[in-house]
Amino acid sequence: MVFNSLTFVVFFTCVLALHSLPLPWTVRKINLLVASYLFYAAWNPPFVILLWISTVVDWWAAKKLVSVQGANARRAWMLLSVVANLGMLAYFKYGEFLMENFAALMAGLGVAWQPPQLDIVLPVGISFYTFATMSYTLDVYLRRAAPARNFLDYALFVTFFPHLVAGPILRPTELVPQFESPRRADANQLCFGLALMTIGLFQKVVLADGFLAGPVEKVYDGAKIPGVLDAWVATLAFGGQIFCDFAGYSTTAIGAAMCLGFAMPDNFRFPYAAIGFSDFWRRWHITLSAWLRDYLYIPLGGNRHGPARTYFALLATMLLGGLWHGASWTFVVWGGLHGSYLAGERFLRARYAHLRPSAAQAFALGVLTFLLVHVAWVFFRAHTFGGAWRVLAGMFAANAGAVPVLPAIEIVTTVIIVTGIVAAHAFMRARTLESVLATVPAPVLSGAWALLAFAIVIEQGSGNAFIYFQF
Amino acid sequence: MSSADSGMSERVDEREPVRPGFVRLTASDRPGVAQPVPVRDIPPRPWPRIFASAMLILLVAVGAWEWRMRAEGLEAGDIDDGPSAWAEQRRRVDAGEANVVLVGDSRMLFDSDLDRYEALTGVRPIQLAIAGSNARPFLVELAEHSPFAGLVIVGIAHTTFFGPDAGLGRGALERYRFESPSVRASFQLHRALSHAFAFLDDRFRLSRLVHFLDDDWRDGVRIGTAERLWKLGVTGDDRQTWLWPRIETDVRLRDHQRAAWGLGAGRKPPPIAQAAIATAQRELHDAVATIRARGGEVVFLRPPSDPRFRMFEEQQMPRAQAWDALLAAGGVMGLHSDDDPVMHALVPPEYSHLSRACATVYTDAYVRALALRTPRVALRPGAPPALVPADCGMPPADLALRGSKSKD
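Residues numbered from 1 in each chain as written. Chains lettered and ligands numbered in written order. Predicted model: local features only at pLDDT ≥ 70, side-chain atom pairs only at ≥ 80, totals over all residues.

K.L.:
Please set out the overall build of chain B residue by residue, giving values where relevant.
P.N.:
From N to C terminus, chain B includes 16 helices and 7 strands. Here chain B holds 408 residues, and the buried ones make up 41% of them. (Helix = DSSP H or I, 4+ residues; strand = E, 2+ residues; numbered from the N terminus. Buried ≥ 20, exposed ≤ 12 C-beta atoms within 10 Å, placed from the backbone.)

Encoded structure:
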């Protein structure tokens, strides 16, 4: 089920009504758990089994991690959890990719081998909930946290529908304690949660799907060769689309959880105002970048073993982070580019540690960050390297046979929206939404809220899945 | 669960000073530790009052929008045809709910009156034609993946049958093969709302209305036919689809629609490759054989088009190579509108699709013609008398159920 669907409107209304009934807390938690399974099953019922497997394996692994003695035994239970989760991920997400690459490798060695046609269907959100459940066992293994006191709270942590299929990727310590005592939103929480959901759905339905997806598809999926203007507009549109799509989902999820009385962490902090790439990754998909840092980068050595090891850890983390987004070498290149950006930035920071950029220099660095992030988006969006080179060549005026692709109206709307997004990020760079809203007069808030909701209603939307569902 | 930082087995030196200016920390500020329960502050504003005011404004705005859209000619009950509506009808075939199925492109969709067909024969066909599609993949799918053993009436617009794939109908086949419970429920909810709100129309979405402002502003970019079209059809619950009445009555819209077909001087239709023709003929032959083996039958229709469109179509592929050769290859019977005086006299207002009243007349004509040629179609006793082209000028509302009142 997607948030921008009529089914979700009915579903969420029912869940809110059930959650507000004067029932025992355990019963209300069971309601939430059942609702979350329904939320997931509404996409493809059989795949709920995978969710159960992931839930049960990690529950038992964490229990054993506490009860067994000896480092080897603990490591074995931790590995069981990691292998089970990554095994599911490997089969469903990377099965065909691995087969194809193995076949290509064999062909390179002169062995003709045809991979079997697997026709694997990717379970929606598997990358998100496997990471969430793995963080549970890994936190217990690393003794950062104790296991949940009861299975219901733990199962609800894994399955809680606002974050289940596209994050934010929650840690057990962030959510499980919230299930220990009764929670119900008060009127302010409920209304502010609905306001957040409106903002999120506006980003998704109106900006991402309504206005930005079209120019992206025309250039990236079309047959025409784009020139400088079309290639840049389409790439800027994609930068705006993926932000509005994913940040919109996260904001809607945070709002939905708030309506039920729960708090979820920020997943985006106005990333297009980032100055430098380490700043960007502290603002973009925060819960994933923090997960990769805590469970991959730091175990790989982090910055504790000298520069060479640090650069290796950075690149390896970002390459795997790229692969997490999809079973394609284009995602690996996207991750590799960001790894290179981060490594380059780290090198320059070390070399010019004494320099303090002026406001103008900071602005220029911000623009450079924005442009390089968008160069990397080309590999993220293009389905093939050929397609990526075609757009990149367009961006750098190297397409000989370029023809106009985008209608003027799409260029105009893209420029207006992307400029608006960047200006808003620049203004909000060191602020929170809440701190700004606290200063806005109530009538203005009412008008703005009604305007966003009206735009959602008349855009209608067609229930397009969020881009990150495929990851 | 409790945080257990002090018991961490690995020491982490990734800590950095908290960045200045951030009033709410995130996981990015806390490396290598258990993340605490997030705290979300609520801005100190009167949110219930703000919510109530916003909903009131929204209600008024949506009411005004609904009024405006009805003034534009949108009507409640138009369910906005799409993949889910098609998949629903396709499942009716699997359930054996009818023994006549209509397959084809937009002309078959717009030009067939299911009420008239039912009034004449007592059978209400299942409408599986899709605008912008190619009938062939749907016919093949019906042959290979259904037990259907009735009559398939295939409508084609000259060369659409030779296309490489299902065209705009691709999504419908995918939706039929897998439709999630959520999507199916959303479709039912959307349909229910569509019976109350006229503004729920994909062609009148905010972004599309904005895009309509562009009248080929940029040199070298011609907006595609599908994007250029305003609303073309009105669709009922079982995909009974009519030409949108405003296309008939609004000269500006009609001219816009005519221009969208791109029949202007100098535009040459692309030729059809011989390989595509051979593939289409082979697939048709095999599909017909499969359906006949089950006891079914396939017939073809070629709905009328304006003489200007007709000339364009002939330039692309002469009838002898397209229609005649196709029927011969499939061994099927067909009714070409050029061969029937009633059908030939029907002129689509926007060159390609018949008006609502004319669709009733056309359906009357082809059902009667089929009844003469195949035992699969039989007029029921008490069927209404035949209609004539002049009935295209009659009010369409109840034309489907009665005979001609025209004087000619």
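Moving on from the model shown.
K.L.:
Describe the domain arrangement of chain A, and please don't skip the residues or the numbers.
P.N.:
By a widespread convention, an interface's size corresponds to the accessible area lost as its parts come together. Residue and element names in this part refer to chain A. In terms of domains, chain A is made up of domain 1 (21–183) and domain 2 (189–465). Each of domain 1 and domain 2 has a C-alpha centre, and these two points are 26 Å apart. Taken together, the contact pairs 17 residues of domain 1 with 17 residues of domain 2. Only α4 (71–108), α5 (126–141) and α7 (161–164) provide two or more residues apiece to the side of domain 1 that touches domain 2. Ranked by the residues each element gives to the side of domain 1 that touches domain 2, the list is headed by α5, at 4 residues. Its residues assigned to classes, the side of domain 1 that touches domain 2 shows 9 nonpolar, 5 polar and 3 charged. (Domains from an automatic or database assignment. Contact = placed C-beta atoms within 7 Å. Nonpolar A, V, L, I, M, F, W, Y, C, P; charged D, E, K, R; others polar.)

K.L.:
Outline the sheet that holds strand β1 (residues 100–104) of chain B, supporting the account with residue identities and numerical values.
P.N.:
Residues and elements named next belong to chain B. Read from one edge to the other, the open sheet built from 5 strands follows the order β2-β1-β3-β6-β7, with strand pairing classed as parallel. Only two strands of the sheet have a single partner each, and these edge strands are β2 (126–127) and β7 (333–336). Summarising the sheet, strand β6 (residues 297–302) and β7 pair through 4 bridges and their orientation is parallel. The partner of Leu301 across the bridge, within β7, is Leu335. The strands that helix α5 (residues 135–145) touches are β1 and β3 (151–155); relative to β1, the one it contacts most, it runs at about 145°. (Pairing = 2+ DSSP bridges. Axes fitted to C-alpha atoms, helices over the stretch in contact; angles between N-to-C directions.)

K.L.:
Describe helix α6 (residues 151–159) of chain A, with residues and values.
P.N.:
Residues and elements named next belong to chain A. Across the 9 residues that make up α6, a large majority, 7, are buried. Restricting attention to buried positions, one finds in α6 the residues Asp153, Tyr154, Ala155, Leu156, Phe157, Val158 and Thr159. For α6, the elements touching its buried residues are α2 (25–41), α3 (48–67), α5, α7 and α8 (172–175).

K.L.:
Help me get a handle on the interface of chain A and chain B, residues and values and all.
P.N.:
If you look at the interface, chain A gives 77 residues, while chain B gives 71 residues. Counting residues per element, the ones that place at least two in the side of chain A that touches chain B are α1 (6–19), α8, α9 (187–220), α12 (286–297), α17 (408–428), α18 (433–437) and α19 (442–459) of chain A. At 12 residues, the largest contribution of residues to the side of chain A that touches chain B is made by α19(A). By residue class, the composition of the side of chain A that touches chain B is 45 nonpolar, 19 polar and 13 charged.

K.L.:
I'd like a description of the pairing of β6(B), backed by residues and values.
P.N.:
All names here are of chain B. With 5 of its 6 residues buried, β6 lies for the most part within the structure. In the sheet, β3 pairs with β6 via 5 bridges, with the strands oriented parallel. Bridge pairing in β6 places Gly155 opposite Leu301.

K.L.:
Go over the domain arrangement of chain B with me, naming the residues and quoting the values.
P.N.:
Residues and elements named next belong to chain B. One can read the domain layout of chain B as domain 1 (46–73) and domain 2 (76–401). Placing the centre of domain 1 and that of domain 2 at their C-alpha centroids yields a distance of 37 Å. The partner domain 2 presents 7 residues to the 5 residues of domain 1 that form the contact. In terms of residue class, the side of domain 1 that touches domain 2 is made up of 2 nonpolar, 1 polar and 2 charged.

K.L.:
An account of the UniProt feature "transmembrane region" (unreviewed entry) in chain A is requested, with residue identities and associated values reported.
P.N.:
Residues and elements named next belong to chain A. In the numbering used here, UniProt assigns the "transmembrane region" (unreviewed entry) feature to residues 6–25, 37–62, 74–92, 120–139, 311–337, 358–380, 400–424 and 436–458. The span residues 120–139 is 70% helical and 0% strand by assignment, and the distance between its end C-alpha atoms comes to 31 Å. Along residues 436–458 one finds 83% helix and 0% strand; the C-alpha atoms at either end are 27 Å apart. (UniProt positions renumbered as here; feature names shortened; annotations may be inferred.)

K.L.:
Go over the environment of B:Ala390, please, and point to the residues and values.
P.N.:
Residues and elements named next belong to chain B. Structurally, Ala390 can be placed in the segment after α16 (356–373). In this structure Ala390 comes out as partly exposed when scored by C-beta crowding, with 14 C-beta atoms within 10 Å. The spacing of Ala390 and Phe178 is 212 residues in sequence and 45 Å in space, taken between C-alpha atoms.

K.L.:
If you had to explain unusual backbone geometry to someone new, which residues and values would you point to?
P.N.:
Unlike most non-glycine residues, A:Phe270 shows phi in positive territory, near 50°. Judged by local crowding, A:Phe270 falls into the buried class, with 22 C-beta atoms found within 10 Å. Backbone geometry at B:Arg239 places phi at a positive 65°, although glycine is not the residue there. In this structure B:Arg239 comes out as buried when scored by C-beta crowding, with 21 C-beta atoms within 10 Å.

K.L.:
Describe the confidence of the model for chain B, naming the residues involved and giving the relevant values.
P.N.:
Residues and elements named next belong to chain B. Chain-level pLDDT for chain B is 86 on average; 90% of the residues reach the 70-or-more range. Of all the helices and strands in chain B, helix α9 (residues 225–228) carries the lowest mean pLDDT, 61, while helix α1 (residues 47–71) carries the highest, 97. Here residues 1–18 is a poorly scored stretch, pLDDT under 50, and it has 40 contacts once near neighbours within four places are set aside; other chains count. (pLDDT = per-residue confidence, 0-100.)

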